[in-house]
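Structural description and commentary
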Amino acid sequence: MTAVHLTPEQVQHTAPGYAGLRRRPELPHVVLPGLRTPARLVTGYADVKAALTEPRLVRDRGAIPSGSEEADPQDELMEAASAGLPAEYVKYFSGHLALFDAEEHARRRAPLTRAFTARRIAALREFVERKADELLGAAEPDGDVIDLLGEFAYPLSTHVICELVGVDEKDRDQVCAWIRDFAYGDGSRMGEALVGIVEYCKELVVRRRAEPTEDLISALVEGARESEDPLSDDELVGIVFLLINTGITPPALFLAHGALALLDHPEQAARLHAEPELLRTAVPELLRYITLVRIGATLYAAEDFDFAGTALTAGEAVTVALLAADHDPEEYGESAERLDITREFGRGDGRLAFGHGAHYCIGAALGRLVTTVVLDRLFVGRDSLRLATDREELEFGHWPADGFHLVSLPVRL
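Fair warning: this is a prediction, and the values are worked out from it, not measured in the lab.

A few words now on the overall build of the chain. Across its full length, the chain holds 19 helices and 13 strands. Over its C-alpha trace the chain gives a radius of gyration of 21 Å, about what one expects of a compact globule, namely 22 Å for 413 residues. Expressed as lengths along the three principal axes of its C-alpha atoms, the size of the chain is roughly 60 × 55 × 40 Å. Counting only contacts in the chain whose residues sit at least 6 apart along the sequence, the fraction spanning at least 24 positions is 75%. Looking at the chain as shown, the accessible area adds up to about 18200 Å², and 51% of this sits on carbon and sulfur atoms. Separation between the mean location of the 42 positive side-chain charges and that of the 69 negative ones in the chain comes to 3 Å.

Structure representation (structure tokens):
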């Protein structure tokens, strides 16, 4: 079967990008943007949800005895991400929780789950509100123009995750700079940034082990100490790095894209301003509509079996299109492509923006909390937010295997 080579536009724009693929009788072979190796692509909501809980679709290809020796899109993506980086530091981001299965995934995630409590998240609300107000207040005297991504969303996400994790306030600007250079810069300072943030995480773990506080790192260290199968120091540092890295760039980009979505739909923004109670439905709808992680981690068939009308062979790569699933007309009807802040979801999430199953995003509750506060400050508490440039002049960039993301979002407050 000839593979479809997807462009960043197709990955991001769901109606033209996926409609034809959904109609195929079998899961299509696709090559994601910037890669060379094909994988089967799952696009339907029900099929994506099933794939994320299918025990015969695993994340560790090396665990498949009869696995294929063919090229692997996940390896290709990792090679691209780690090119030019110091080899001894790559392990700290290549050991991402999304790449482990079953017992190993549970072992690494368990101390994080115990530390990432609902009480700890709920206690952050006042802090998030205060920081959002401080950042917006600092921008207003400067002519009311602000880069909502660089001057608001990034600093806010940094302060929030650092407050939760236990990064000292005096170090937060440096941590934010390292993460931006590592995760979203032009690539010229990636190696330096990776070394900086990993060494800082090592130091932080050592400090909290000697003098524990009430932060999440102290809870992780204590949990590791009490575990029957404790995390190694490298694994612990990797989890702290993961928390900081994924707690800054993805939330910052989502907040900027969420604001842009409402600016693109002024009637929805006006209704949210007039009816603050719609925050309850606006937050999950924006999560669905944007689905910042468009393509999930690669899965592999652990054996020969049929899935979604397709005969998979052991070792075959399968990729889930989370954005396509969250815009599937079979699940959301004719309004699947529309932003509707009054949309009601059934039990559970009703969308796959945070994934599903054992790998469901551990920061989901924090993401909902921060989004609620930001929408309240930007759209409920004011109706003056406007783009400070023409829509066509906004700058976007893209990463391998992904669609486009904002580079900046200049707005008038």
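Don't stop here, the text continues.
Taken as a whole, this structure holds one cavity of 30 Å³ or more when the rule is applied. For the largest cavity, the calculated volume is near 40 Å³. Lining the largest cavity are F254, L255, G258, A259, L286, T371, V374, L375 and L378. Of all the secondary structure elements, the ones that give two or more residues to the lining of the largest cavity are α14 (249–264) and α19 (364–380). Classifying every residue of the lining of the largest cavity by side-chain character gives seven nonpolar, two polar and no charged.

Pairing within the open sheet is antiparallel, and its three strands lie in the order β5-β13-β10. Edge positions in the open sheet fall to β5 (145–147) and β10 (386–387), since each of these has one partner strand only. Relative to strand β13 (residues 410–412), β10 is paired through two bridges, and the arrangement is antiparallel. Bridged to R386 within β13 is R412. Across the face of the sheet, helix α9 (residues 148–165) comes into contact with β5 and β13 while running at roughly 65° to β5.

Turning our attention to the pairing of strand β9 (residues 317–320). Burial along β9 is two-sided: the face carrying A317 and T319 and the face carrying V318 and V320 are both buried. In this sheet, β9 lies alongside strand β6 (residues 299–301) in antiparallel orientation, the contact comprising two bridges. From the neighbouring strand, L299 faces β9, where its bridge partner is V318.

With that out of the way, let us pick up the layout of surface pockets. A probe as big as a water molecule, rolled over the atoms, marks out the empty space that is left. In this model, the second largest pocket occupies a volume close to 430 Å³. Taken together, 18 residues form the lining of the second largest pocket, with Q12, H13, H257, Y289 and R391 sitting closest to its centre. Those elements that place two or more of their residues in the lining of the second largest pocket are α2 (14–22), α14 and α16 (279–290). Looking at the lining of the second largest pocket, the element that brings in the most residues is α14, giving four residues. Looking at the lining of the second largest pocket, its residues break down into eight nonpolar, six polar and four charged.

On to the confidence of the model for the chain. Low pLDDT means the predicted coordinates in that region are not meant to be read closely. Per-residue pLDDT for the chain has a mean of 89; in total, 95% of the residues score no lower than 70. Averaged pLDDT values for the elements of the chain fall to 78 in helix α6 (residues 102–115) and rise to 98 in helix α15 (residues 266–274).

Considering the arrangement of structural elements, one finds T319 in strand β9. The sequence separation of T319 and Y300 amounts to 19 residues, and the corresponding C-alpha distance is 8.6 Å. Look past the residues within four positions of T319 in its chain and what remains in contact with it is L32, A39, R40, L41, V42, I295, G296 and T298.

The end-to-end C-alpha distance of α9 is 24 Å, a good match for the 26 Å that 18 residues give at a rise of 1.5 Å each. In terms of burial, α9 is largely enclosed, as 16 of its 18 residues are buried. Its side-chain oxygen at 3.1 Å from the backbone nitrogen of L149, D147 defines the N-terminal cap of α9. Positive backbone phi, approximately 120°, marks G166, located one or two places after α9.

Formed by 97 residues in total, the largest nonpolar core has its most connected members in F152, V175, L272, L366 and F379. It is α9 that contributes the most residues to this core, 11 residues altogether. Setting aside its immediate chain neighbours within four residues, L272 contacts L262, L278, L279, A282, I341, L375, F379 and V380. Membership of the second largest hydrophobic core comes to 20 residues, among which are V42, Y45, A301 and F305.

When the charged atoms of two side chains lie near each other, side chains of opposite charge can form a pair. Applying the stated criterion to the full structure yields 29 salt bridges. Among the ionic pairs, D233 bridges to R209, the shortest N-O distance being 3.2 Å. Of this pair, D233 sits in helix α13 (residues 233–246) while R209 sits in helix α11 (residues 190–210), and the two are 24 residues apart along the sequence. You can call D233 partly exposed: its relative accessible area is 46%.

Turning our attention to the sheet that holds strand β2 (residues 29–31). Taken in spatial order, the six strands make up an open sheet running β1-β2-β3-β9-β6-β4, and their pairing is mixed. Edge positions in the open sheet fall to β1 (4–5) and β4 (57–58), since each of these has one partner strand only.

The next point concerns the pairing of strand β3 (residues 39–42). Sheet analysis places β2 next to β3, joined by two bridges and oriented antiparallel. Residue pairing in the sheet places V30 in a bridge with A39 of β3. Of the pairings in the sheet, the one linking β3 to β9 comprises three bridges and is parallel in character. If you follow R40 over to β9, its bridge partner there is V318.

At their nearest, the axes of α6 and α13 sit 11 Å apart, and the two run at 65° to each other. By the angle between their directions, the pair α6 and α13 is classed as roughly perpendicular. Remark: the crossing between α6 and α13 carries right-handed chirality. Where α6 abuts α13, its residues E104, R107, R108 and L112 lie against E235, I239 and L243. Classifying every residue of the contact of α6 with α13 gives three nonpolar, no polar and four charged.

Rules behind the numbers
- Residues numbered from 1 in each chain as written.
- Predicted model: local features only at pLDDT ≥ 70, side-chain atom pairs only at ≥ 80, totals over all residues.
- Heavy atoms only, no water.
- Helix = DSSP H or I, 4+ residues; strand = E, 2+ residues; numbered from the N terminus.
- Rg over C-alpha atoms; globule rule 2.2 N^0.38 Å.
- Contact = heavy atoms within 4.5 Å.
- Areas by Shrake-Rupley, 256 points an atom, 1.4 Å probe, with all protein chains shown as cover.
- Lys, Arg positive; Asp, Glu negative; His and termini not counted.
- Charge placed at Lys NZ, Arg CZ, Asp CG, Glu CD.
- 1 Å grid on protein atoms, 1.4 Å probe; cavity = no way out; pocket = protein on both sides within 12 Å on 5 of 7 lines; lining within 4 Å.
- Points joined across faces, edges and corners; volume = space filled by probe spheres on them.
- Nonpolar A, V, L, I, M, F, W, Y, C, P; charged D, E, K, R; others polar.
- Pairing = 2+ DSSP bridges.
- Axes fitted to C-alpha atoms, helices over the stretch in contact; angles between N-to-C directions.
- Buried < 20%, exposed > 50% of the residue type's maximum accessible area, 1.4 Å probe, protein only.
- pLDDT = per-residue confidence, 0-100.
- Expected span 1.5 Å × (residues − 1).
- Polar contact = N/O pair within 3.5 Å; in protein donor to acceptor, adjacent residues only side chain to side chain.
- Core = buried A, V, L, I, M, F, W, Y, C linked by side-chain atoms within 4.5 Å.
- Salt bridge = Lys/Arg side-chain N within 4 Å of Asp/Glu carboxyl O.
- Parallel < 35°, antiparallel > 145°, perpendicular 65-115°, else oblique.
- Left-handed = near helix turned anticlockwise from the far one by under 90°.

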